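# Fold and contact review
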Amino acid sequence: MPTVTLTEQNFHQVVSGNHIVLIDWWAGWCGPCRHFAPVYEASSDQHPDIVHGKVDIEAEVALTAMAQVDRFPTLMAFREGLLVYNQAGFLPAADLEEVVQQVRWLDMDQVRKELAAQGVAPQQAEPVAAATGGAARMAGPASGPVQYGWPGL
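Let me sum up the structure you'll find in this document. (Residues numbered from 1 in each chain as written. Predicted model: local features only at pLDDT ≥ 70, side-chain atom pairs only at ≥ 80, totals over all residues. Heavy atoms only, no water.)

Attention now goes to the nonpolar core. In this structure, Leu22, Leu75, Leu91 and Leu96 are the most contacted members of the largest nonpolar core, which totals 21 residues. Those elements giving two or more residues to this core turn out to be strand S2 (20–26), helix H2 (31–46), strand S4 (74–79), strand S5 (82–88), helix H4 (93–105) and helix H5 (108–117). Residue contributions to this core peak at 4 residues, all from H4. Membership of the second largest hydrophobic core comes to 20 residues, among which are Val51, Ile57, Phe72 and Leu83. (Core = buried A, V, L, I, M, F, W, Y, C linked by side-chain atoms within 4.5 Å. Buried < 20%, exposed > 50% of the residue type's maximum accessible area, 1.4 Å probe, protein only. Helix = DSSP H or I, 4+ residues; strand = E, 2+ residues; numbered from the N terminus.)

Printed below as a string of structure tokens:
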């Protein structure tokens, strides 16, 4: 599946309307962003069930500021509309694949319990609000095997 260009107008709809969304925040002048682009494109081809979005930080200045993204490339992962991963820097293909698998295996019931313990109701943790909330609303990847699927396959 090709990557989706995200803008301030479609960001919320894409993130809230899909089960898993990965977002690459990039800039044309950024060397690591140019090196990460083919890795990210390959992931979008390998995982057509996951929306791979891209935000051009030069074209989407307000959205970038709202999400508090200031290092590039930055990768965010949303699951069920909640920000579950947010990290800046180039990821090799194997590391990106590990992030994808960990997001797939993430125990969302546990994430909601952690949000409740922090006093954040899940309906308050909407995508843009979660992105602007920073690390306080992030959950870490689920523990467990890196590979997705039944053991032994």
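Additional details are given in the paragraphs that follow.
With that out of the way, let us pick up the sheet that holds S4. Strand order in the open sheet formed by 5 strands is S1-S3-S2-S4-S5, with mixed pairing between adjacent strands. Two strands in the sheet have a free side with no partner beyond their single neighbour: strand S1 (4–5) and S5. Where S4 and S5 come together, 6 bridges link them in antiparallel fashion. Counted as the bridge partner of Ala77 is Tyr85 from S5. In this fold H2 packs onto S2, strand S3 (51–56) and S4, with an angle of close to 155° to the strand it touches most, S3. The sheet contacts of H4 involve S2, S4 and S5, and relative to S4 the element is tilted by about 20°. (Pairing = 2+ DSSP bridges. Contact = heavy atoms within 4.5 Å. Axes fitted to C-alpha atoms, helices over the stretch in contact; angles between N-to-C directions.)

The next subject is the pattern of salt bridges. Side chains that differ in charge, positive against negative, can pair when their charged atoms come close. What the rule picks out here adds up to 5 salt bridges. One salt bridge connects Asp49 with Arg104, and the closest N-O pair in it is separated by 2.6 Å. Pair noted here: Asp49 is in the loop between H2 and S3 and Arg104 is in helix H4, with a separation of 55 residues, a long-range link. On the basis of relative accessible area, Arg104 is assigned to the buried category, the value being 14%. When the shortest N-O distance is used, the salt bridge between Glu80 and Arg112 registers 2.1 Å. (Salt bridge = Lys/Arg side-chain N within 4 Å of Asp/Glu carboxyl O.)

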